[in-house]
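Inside the fold
The lines below spell out each chain.
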Amino acid sequence: MSDVTLRLNGVEKFYNKGLANEVHVLRGVDLALNAGEMVALVAPSGAGKSTLLHIAGLLDTPDAGEVSVGGDVLSGRTDRRRTNARRRDIGFVYQFHHLLPEFSALENIALPQMANGVAKAAAEIRGLELLGKVGVDHRAGHRPAALSGGEQQRVAFCRALANAPRVMLADEPTGNLDPGTSDQVFEALMELVRGTGLSALVATHNLDLAARMDRVVRLEDGVLVQG
Ligand SMILES: Nc1ncnc2c1ncn2[C@@H]1O[C@H](COP(=O)(O)OP(=O)(O)OP(=O)(O)O)[C@@H](O)[C@H]1O
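Read on for a plain summary of the structure. Remember, it's a predicted structure, so these values are computed and weren't measured experimentally. (Residues numbered from 1 in each chain as written. Predicted model: local features only at pLDDT ≥ 70, side-chain atom pairs only at ≥ 80, totals over all residues. Heavy atoms only, no water.)

1. Structural notes on a nonpolar patch on the surface
A cluster of nonpolar residues, Leu100, Leu111 and Met114, forms a patch on the protein surface that exposes about 210 Å² of accessible area. Within the secondary structure layout, Leu111 lies in helix α3 (residues 105-115). (Patch = residues over 30% accessible without salt bridge, like charges linked within 9 Å, V, L, I, M, F, W, Y side chains within 5 Å. Areas by Shrake-Rupley, 256 points an atom, 1.4 Å probe, with all protein chains shown as cover. Salt bridge = Lys/Arg side-chain N within 4 Å of Asp/Glu carboxyl O. Helix = DSSP H or I, 4+ residues; strand = E, 2+ residues; numbered from the N terminus.)

Shown next, in the form of structure tokens:
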């Protein structure tokens, strides 16, 4: 039996519930991500992609349905419990890198590990190893502003994976890059993910990139459909 890392069951989400301007964004979303699987999430603008990623990443709670990570149902739990699970089990990547500008590339990857109790030296060893996998270890001491857009995103991938999460959630991770760079950076992301066995849910408008993942799910009228 495959090992499901992230499961959404019947997830529903409203904005402005009960008001005249109520929006029923998610209408029963079901999703199971297997360990080691990369899944593309394709959605028209405004379909609820960000809402879905926030709920899957335990940043927001559904109005109905369940979210479980590693078999633990977390959607109904306290904020503290969800925050702890998020720090341990979820890595986020956004369209813009959101690296801390006053810290080096390596420090940006070491800090989240140190926040989880890892000693600085060990956090830096892991950081350098991750940077090596995406070919940016020679830039470890540079601050984000001194890196190219592609390098910044590679560092952001390493940061997302720093604490060895079970699940990576990515929102247009190469959407800010020119097409050639986007392709290379996406390859680096795929290799990084493939080497770990974690699951990745990657929102993208780029259908070529989507087709390179293990499967594609489409958010339509508040539900997920295959392909
Ligand atoms: N806080 C909010 N209050 C009211 N409506 C909201 C709120 N946040 C989002 N919405 C509405 O819910 C729907 C889904 O929003 P969401 O941001 O999840 O879409 P999206 O698919 O990520 O869009 P895009 O790809 O354009 O960023 C949209 O119609 C949006 O206007």
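2. Topic: the pattern of salt bridges
All chains considered together, the criterion is met by 13 salt bridges. Ionic pairing is found between Asp72 and Arg81, a salt bridge with its closest N-O pair at 3.8 Å. Relative accessible area serves as the criterion here: at 35%, Asp72 is assigned to the partly exposed category. The class for Arg81 is partly exposed, based on a relative accessible area of 33%. In this structure, the salt-bridge partner of Asp214 is Arg194, at a minimum N-O distance of 3.2 Å. Here the residue Asp214 occupies a position in the loop between α7 (207-211) and β9 (215-220), and Arg194 occupies one in helix α6 (residues 179-194), the gap between them amounting to 20 residues. Residue Asp214 is classed as partly exposed on the basis of its relative accessible area, which comes to 42%. The structure contains a network of salt bridges with shared partners spanning Arg88, Asp89 and Arg166. (Buried < 20%, exposed > 50% of the residue type's maximum accessible area, 1.4 Å probe, protein only.)

3. With respect to the packing of aromatic side chains
Aromatic ring pairs: the centre-centre distance and the angle between the two ring planes describe each pair. For the structure shown, the criterion picks out 1 aromatic pair. Measuring from centroid to centroid gives 6.0 Å for Phe92 and Tyr94, while their planes differ by 10°, and the two rings are stacked. Here the basic side chain of Lys17 rests over the ring of Phe14, its NZ or CZ set 4.6 Å away from the ring centre. (Phe/Tyr/Trp six-rings, centres within 6.5 Å; stacked < 30°, edge-to-face > 60°. Lys NZ or Arg CZ within 6 Å of the ring centre and 35° of its normal.)

4. Notes on helix α1 (residues 49-56)
By the criterion of burial, α1 is predominantly enclosed, with 6 of the 8 residues buried. Those residues of α1 that fall on the buried side of the exposure criterion are Lys49, Thr51, Leu52, Leu53, Ile55 and Ala56. Among the residues trailing α1, Leu58 stands out with phi positive, at a value near 65°.

5. Describing helix α4 (residues 120-133)
Taking 1.5 Å of rise per residue, the 14 residues of α4 would be expected to cover 20 Å, and the 20 Å separating its terminal C-alpha atoms lies within 8% of that figure. Every buried residue of α4 is listed here: Ala123, Gly127, Leu130 and Leu131. The arc that holds the buried residues of α4, viewed along the axis, is 100°, so those residues lie on one side. For α4, the exposed residues lying more than 90 degrees away from the buried face are Ala121 and Ile125. In this structure, the buried side of α4 is in contact with α3, α5 (149-161) and α6. Positive backbone phi, approximately 75°, marks Gly135, located one or two places after α4. (Expected span 1.5 Å × (residues − 1). Arc of directions from axis to C-beta. Contact = heavy atoms within 4.5 Å.)

6. Focus on the packing of α3 against α5
Running from amino to carboxyl end, α3 crosses α5 at an angle of 20°, the nearest separation of the two axes being 8 Å. With respect to each other, α3 and α5 are oriented roughly parallel. Handedness of the crossing formed by α3 with α5: right-handed. Across from Ala105, Asn108, Ile109 and Pro112 in α3, the residues of α5 making contact are Val155, Cys158 and Arg159. Residue classes in the contact of α3 with α5 are distributed as 5 nonpolar, 1 polar and 1 charged. (Axes fitted to C-alpha atoms, helices over the stretch in contact; angles between N-to-C directions. Parallel < 35°, antiparallel > 145°, perpendicular 65-115°, else oblique. Left-handed = near helix turned anticlockwise from the far one by under 90°. Nonpolar A, V, L, I, M, F, W, Y, C, P; charged D, E, K, R; others polar.)

7. Some remarks on the sheet that holds strand β3 (residues 38-42)
Pairing within the open sheet is mixed, and its 6 strands lie in the order β6-β7-β8-β3-β9-β10. Two strands bound the open sheet, and with one partner strand each, they are β6 (90-93) and β10 (223-226). If you compare each strand with its neighbour and ignore which way they point, the axes differ by 25° on average. The sheet contacts of α6 involve β3, β7 (167-171) and β8 (199-203), and relative to β3 the element is tilted by about 135°. (Pairing = 2+ DSSP bridges.)

8. Considerations on the sheet that holds strand β5 (residues 72-73)
What the 4 strands build is an open sheet, ordered β2-β1-β4-β5; its pairing is antiparallel. Every other strand in the sheet has two partners, leaving β2 (23-34) and β5 as the edge strands with one partner each. Two strands pair when backbone bridges link them, and strand β4 (residues 64-69) and β5 are joined in this way by 2 bridges, in the antiparallel orientation. If you follow Ser68 over to β5, its bridge partner there is Val73. Across the sheet, α1 lies against β1 (4-15), β2 and β4, angled at about 130° from β1, the strand it touches most.

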